[in-house]
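Here is how the chains run, residue by residue.
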Amino acid sequence: MSLAAALRLHRAGRLPEAERLYRLMLERSPRNAEALHLLGLLYGQTGRMATSADLIRRAIEARPGNPEAWCNLGISLSGAGKPEEAVRAFRRAVELQPDYAAAWFKLGTELAALGTALLECEMDEAISALRKAIGLKPDHAAAWCNLGAVLRDKGDIDGAMAALESALHLKPDDAAAHLNLGTVFHEQAKFDEAIQSYRRALDLGGNSPELHTDLGMELLRAGDFERGWREYEWRLKLKNSVQPRDLPQPLWDGRDLDGKRILIFAEQGFGDSLQFLRYLPKVVKKGGRVILQMPPGLVRLCQQSWDLERVVAPEEPPGNFDVYCPLLSLPRLFQTSVTAIPAEV
């Protein structure tokens, strides 16, 4: 039994056997930093991120100055849904090894992934980290791609375009880079080019909710309602999607309701909610007894405007219902076209 034998099994993909050997080694030497680190990596490979992070922490306690362990700890913490802790781990990795391109890339990417929670200083740090990764490894296509996304979010559209062009020069079949390029074209009001980029990303195997949703919005803007509304349904799979979760009732498929109660809920702000309320009379004509869930500021207005069963705010229980439907899904269900938008509001 040796670390080398366990590592050979690990590299060969024989993970259960490798895990058994790592554990046997740790029974004999609980502070064996290499065995703890490698077992932590194995757990990360198999999706057990929290345990992976715990094991790698123990490896770091036994040998604090290992930058690779700190970087891998950051990866495990990120996978465990602890981005702030992951950022701290990546920072420590590059402190220990300033020429560690992979750790700079992970740091910049993790900071960028904070999204709307990202502070201006953290956005600048993300850009700096990704630029350092590129400086150390100029052919790092993913770093160029992520740099383009962060520069776009910062409002540097020209810089974003240049970074994404570099990413695609290095890796023309990168679906993520084509997606990000589409968002840059959108910011430039080049909507046809945005659609082409999104479609290219799909052709290359991109299948994220963000990609489909962005494509749907561009198609709707271009007047392609049939495909646009279909793609826009992917918004419901976005992480920040505003909708009731785990409802036991089925999603309405547009069939006649014949007196069934249907819960329809708003997803976005006042403007979009008001615009799409025009579809409620069509639901009623389908025989639906509508329970409408709206932002508190619109509840009274809606109570006075249509023949609805009930209007409730999001924090109120809607009562019993048979099916449900997001408000912004109604245009697709009613096969809305440019010439068939309901006039009533």
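Since the model is a prediction, treat every value here as computed from it, not as a measurement.

Chemist: Account for the sheet that holds strand E1 (residues 261-265), naming residues and giving values.
Modeler: One open sheet holds the four strands; their spatial order is E3-E2-E1-E4, and the pairing between them is parallel. Each edge of the open sheet is held by one strand with a lone partner, namely strand E3 (310-312) and strand E4 (323-326). This sheet shows a mean twist of 20 degrees between the axes of neighbouring strands, independent of strand direction. Pairing of strand E2 (residues 289-293) with E3 involves three bridges; the strand directions are parallel.

Chemist: Tell me about the packing of helix H1 (residues 3-11) against helix H3 (residues 33-45), and please be specific about residues and values.
Modeler: Packing of H1 against H3 brings their axes to within 11 Å, and their N-to-C directions diverge by 15 degrees. For the element pair H1 / H3, the angle class is roughly parallel. The handedness of the crossing between H1 and H3 is left-handed. Of H3, the residues touching H1 (which contributes Leu3, Leu7 and His10) are Glu34, Ala35, Leu38, Leu41, Leu42 and Gln45. A breakdown of the residues in the contact of H1 with H3 according to their chemical character gives six nonpolar, two polar and one charged.

Chemist: If you had to explain helix H2 (residues 15-28) to someone new, which residues and values would you point to?
Modeler: For H2, spanning 14 residues, the distance from its first C-alpha to its last is 20 Å, which sits close to the expected 20 Å at 1.5 Å a residue. Elements that come into contact with the buried residues of H2 comprise H1 and H3.

Chemist: I'd love a proper account of the pattern of salt bridges, names of residues and values included.
Modeler: On inspection of all chains with the given rule, the structure shows 19 salt bridges. Put simply, Arg57 and Glu85 hold a salt bridge, and the shortest N to O gap is 2.7 Å. Of this pair, Arg57 sits in helix H4 (residues 49-62) while Glu85 sits in helix H6 (residues 83-96); the two residues are 28 residues apart in sequence, bridging distant segments of the chain. Taking the relative accessible area as the measure of exposure, Arg57 reaches 29% and is therefore partly exposed. With relative accessibility at 27%, the residue Glu85 sits in the partly exposed group. A network of salt bridges, in which partner residues are shared, links Glu233, Arg235, Glu267 and Arg332.

Chemist: Can you break down helix H17 (residues 296-303) residue by residue, with the values?
Modeler: Listed as buried for H17 are Leu298, Val299 and Cys302. Within H17, the buried residues cover an arc of 125 degrees as seen down the axis, which keeps them to one side. Seen from the buried face of H17, the exposed residues on the opposite side, beyond 90 degrees, are Pro296, Gly297 and Arg300. Along its buried surface, H17 packs onto helix H15 (270-276), E2 and E3.

Chemist: Summarise the nonpolar core; cite the residues concerned and give the values.
Modeler: Leu73, Leu107 and Leu147 are the most contacted members of the largest nonpolar core, which has 54 residues in total. Not counting the four nearest positions on each side in its chain, Leu107 is found in contact with Val87, Phe90, Arg91, Val94, Glu125 and Ala129. Of all hydrophobic cores here, the second largest spans 30 residues; its members include Tyr232, Leu257, Phe276 and Leu277.

Chemist: Pulling in residues and values, what's your account of the packing of aromatic side chains?
Modeler: Using the criterion set out here, one finds seven aromatic pairs in the structure. Ring centres of Phe265 and Tyr324 lie 6.3 Å apart, and the angle between their planes is 25 degrees; this geometry places the pair in the stacked category. You can see Phe265 sitting in strand E1 and its partner Tyr324 sitting in strand E4, a full 59 residues away along the chain. One exposure class covers both Phe265 and Tyr324, and it is buried. In this structure, Arg48 is placed above the aromatic ring of Tyr43, and the distance from its NZ or CZ to the ring centre is 3.8 Å. One residue, Arg221, lies across the ring of Phe191, its end atom 4.6 Å from the ring centre.

Chemist: So, the pairing of E2: which residues are in play, and what are the values?
Modeler: Successive residues of a regular strand alternate their side chains across the two faces of the sheet. Across the five residues of E2, four count as buried, placing the element largely inside the fold. The sheet contact formed by E1 and E2 spans five bridges and is parallel. The partner of Leu263 across the bridge, within E2, is Ile291. Read from E2 through H17 to E3, the crossover connection turns out right-handed.

The rules behind the values
Residues numbered from 1 in each chain as written. Predicted model: local features only at pLDDT ≥ 70, side-chain atom pairs only at ≥ 80, totals over all residues. Heavy atoms only, no water. Pairing = 2+ DSSP bridges. Helix = DSSP H or I, 4+ residues; strand = E, 2+ residues; numbered from the N terminus. Axes fitted to C-alpha atoms, helices over the stretch in contact; angles between N-to-C directions. Parallel < 35°, antiparallel > 145°, perpendicular 65-115°, else oblique. Left-handed = near helix turned anticlockwise from the far one by under 90°. Contact = heavy atoms within 4.5 Å. Nonpolar A, V, L, I, M, F, W, Y, C, P; charged D, E, K, R; others polar. Expected span 1.5 Å × (residues − 1). Salt bridge = Lys/Arg side-chain N within 4 Å of Asp/Glu carboxyl O. Buried < 20%, exposed > 50% of the residue type's maximum accessible area, 1.4 Å probe, protein only. Arc of directions from axis to C-beta. Core = buried A, V, L, I, M, F, W, Y, C linked by side-chain atoms within 4.5 Å. Phe/Tyr/Trp six-rings, centres within 6.5 Å; stacked < 30°, edge-to-face > 60°. Lys NZ or Arg CZ within 6 Å of the ring centre and 35° of its normal. Right-handed = clockwise from strand over helix to strand, strands pointing away.

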